[in-house]
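Letter by letter, the chains look like this.
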Amino acid sequence: MMLARKILVSALLAAGTIVSVATPLPSAAASSVDVQLDFGPPPPRYEPAPAPRRGYVWSPGYWRWNGHRHMWVGGHWERARPGYAYRAPEWVEREGRWHYQPPRWDRDGDGIPNRRDQHPDNPYRG
């Protein structure tokens with residue numbers, strides 16, 4: 001009886017591990033969760049930016065919140081999108097709370113996400 005229980009528990013743990021490894025996580029760009037904290041992230045780590053690469057934009061590393069603590073995500077290349085300005089992920093402090101701003105592509109470079117921009121193709125951007 002005890003041996004059968006141990007085998008069953010081991011099988012359930014193994015199955016849970018396989019499912020957790022095989023389940024894809026949503027990307028930061030697809031996520032619409034608004035992360036707000038009472039404290040800011042640690043200071044950014046120094047990462048030397050690599051030499052420019054044609055057709056790509058360098059996205060610097062940033063601190064990601066995993067629900068329990070900040071974790072460093074290293075910089076990486078993003079394929080350039082002609083006609084768009086890339087906005088790297090960042091943490092912004094507003095009224096004593098820290099808000100995570102995910103990476104995004106902006107058509108007119110004004111810093112307002114296009115889905116919230118009343119004039120996303122403003123020719124008079126500053």
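The rules we used
Residues numbered from 1 in each chain as written. Predicted model: local features only at pLDDT ≥ 70, side-chain atom pairs only at ≥ 80, totals over all residues. Heavy atoms only, no water. pLDDT = per-residue confidence, 0-100. Contact = heavy atoms within 4.5 Å. Helix = DSSP H or I, 4+ residues; strand = E, 2+ residues; numbered from the N terminus. Salt bridge = Lys/Arg side-chain N within 4 Å of Asp/Glu carboxyl O. Buried < 20%, exposed > 50% of the residue type's maximum accessible area, 1.4 Å probe, protein only.

(A) The arrangement of the confidence of the model for the protein chain in detail. With 60% of its residues at a pLDDT of at least 70, the protein chain reaches an overall mean of 77. When the criterion is pLDDT under 50, residues 17-31 qualifies, and its contacts beyond four places in sequence or with other chains add up to three contacts.

(B) Representation of the side chain of glutamine 101 within the structure. By the secondary structure assignment, glutamine 101 is in strand β8 (residues 97-101). In contact with glutamine 101, not counting residues within four places along its chain, are Ala88, Pro89, Glu90, Val92 and Arg94.

(C) Representation of the pattern of salt bridges within the structure. Taken as a whole, this structure holds two salt bridges when the rule is applied. The residue arginine 97 makes a salt bridge to aspartate 38 at a minimum N-O spacing of 2.2 Å. You can see arginine 97 sitting in strand β8 and its partner aspartate 38 sitting in the loop between β1 (36-37) and β2 (56-59), a full 59 residues away along the chain. Owing to a relative accessible area of 58%, aspartate 38 belongs among the exposed residues under this scheme. A salt bridge links arginine 87 to glutamate 90; its shortest N-O distance comes to 3.8 Å. Residue arginine 87 is classed as partly exposed on the basis of its relative accessible area of 29%.

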